[in-house]
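Descriptive structure summary
What follows is the residue order along each chain.
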Amino acid sequence: MGNSALIVIDMINSYDHPDADLLVPSVRSALPQIERLIDRARSERVPVVYANDNFGEWRSHHGEIVETALAGNNAELVKPVLPDDDSLFVVKARHSIFYETPLPYLLSQLEADHLVLCGQVTEQCVLYSALDAHIRHLSVTVPRDAVAHIHGDLAEAALRMMERNMGAAVPDADDVSF
């Protein structure tokens, strides 16, 4: 394995959307593992990149996204995983972390060829991001207990697809190698 990067997907979230009531319990379950992954990546000097939805606010930047999330009803889901001063931040507008973002350039600058994807939503943004990483010939790890879902059955199918069709590793978070 070459150089790794931890990608934290859509965890800076105000949870003010139609599926939030279905998503929040899964986020609560995945949060401790996501927090441990971020801490471990930082301690091992692995770049931590936040790839986050801009929620349709085209004037927003990462500071505003963080402020909005912390002002939301579920700030306790955001505080444990906030970016630190060394974190990198990519604003995205669609499901994939790669679609129309500077992430490919950033990863090339980091010389990263292995991505560890954590965050939300397993059957949407995580799945599409894993596929886009795969077609770019990047190695992908998706810790099954560090991703949150809206629909459990679709999340399990998505994890199986990532593992089988994309060659992704799908271990528990504590077994991830950077």
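Residues numbered from 1 in each chain as written. Predicted model: local features only at pLDDT ≥ 70, side-chain atom pairs only at ≥ 80, totals over all residues. Heavy atoms only, no water.

Thoughts on the nonpolar core
Judged by nonpolar contacts, the single largest core of 34 residues is most densely connected at Leu-6 and Tyr-15. It is helix 1 (residues 20-43) that contributes the most residues to this core, 10 residues altogether. Discounting chain neighbours no more than four positions away, the residues touching Tyr-15 are Ala-20, Leu-23, Val-24, Val-27, Asn-74, Leu-77, Val-78 and Gln-120. One finds Leu-127, Ala-130, Val-142 and Leu-159 within the second-largest nonpolar core, a separate group that totals 29 residues. (Core = buried A, V, L, I, M, F, W, Y, C linked by side-chain atoms within 4.5 Å. Buried < 20%, exposed > 50% of the residue type's maximum accessible area, 1.4 Å probe, protein only. Helix = DSSP H or I, 4+ residues; strand = E, 2+ residues; numbered from the N terminus. Contact = heavy atoms within 4.5 Å.)

A closer look at the pattern of salt bridges
This model, assessed by the stated rule, comprises six salt bridges. Here Asp-174 ties to Arg-36 by a salt bridge, and the two come within 3.1 Å at their closest N and O atoms. Of this pair, Asp-174 sits in the segment after helix 5 (152-166) while Arg-36 sits in helix 1, and the two are 138 residues apart along the sequence. Exposure remark for Arg-36: the relative accessible area of 36% places this residue in the partly exposed category. Note that Glu-44 is salt-bridged to Arg-40, the shortest N-O span being 3.4 Å. When its relative accessible area of 23% is taken as the criterion, Arg-40 is described as partly exposed. (Salt bridge = Lys/Arg side-chain N within 4 Å of Asp/Glu carboxyl O.)

Overview of helix 1
When the local axis directions of helix 1 are compared, the greatest deviation, roughly 45°, occurs at Ala-30, which is followed within four positions by the proline Pro-32. Of all the positions in helix 1, only Ala-20, Leu-23, Val-24, Ser-26, Val-27, Ala-30, Leu-31, Gln-33, Ile-34, Leu-37, Ile-38 and Ala-41 are classed as buried. Buried residues along helix 1 sit in contact with strand 1 (3-9), strand 2 (48-53), strand 4 (112-120) and strand 6 (147-148). Arg-45, located one to two residues past helix 1, shows a positive phi value of around 60°. (Bend = angle between axes of the 7 residues up to and from the residue.)

Thoughts on the environment of Val-24
Within the fold, Val-24 resides in helix 1. Sequence separation of Val-24 and Asn-74 is 50 residues, and the distance between their C-alpha atoms is 8.4 Å.

Thoughts on the side chain of Thr-122
Note that Thr-122 resides in helix 4 (residues 122-135). Apart from the residues within four sequence positions on either side, Thr-122 is in contact with Leu-127, Val-147, Ala-148, His-149, Ala-155, Ala-158, Leu-159 and Met-162.

Looking at the environment of Ser-14
Topologically, Ser-14 is positioned in the loop between strand 1 and helix 1. Residue Ser-14 is classed as buried on the basis of its relative accessible area, which comes to 16%. Residues Ser-14 and Ala-133, 119 residues apart in the sequence, show an inter-C-alpha distance of 27 Å. Every residue in contact with Ser-14, bar those within four places of it in the chain, is listed here: Thr-68, Ala-69, Gly-72 and Asn-73.

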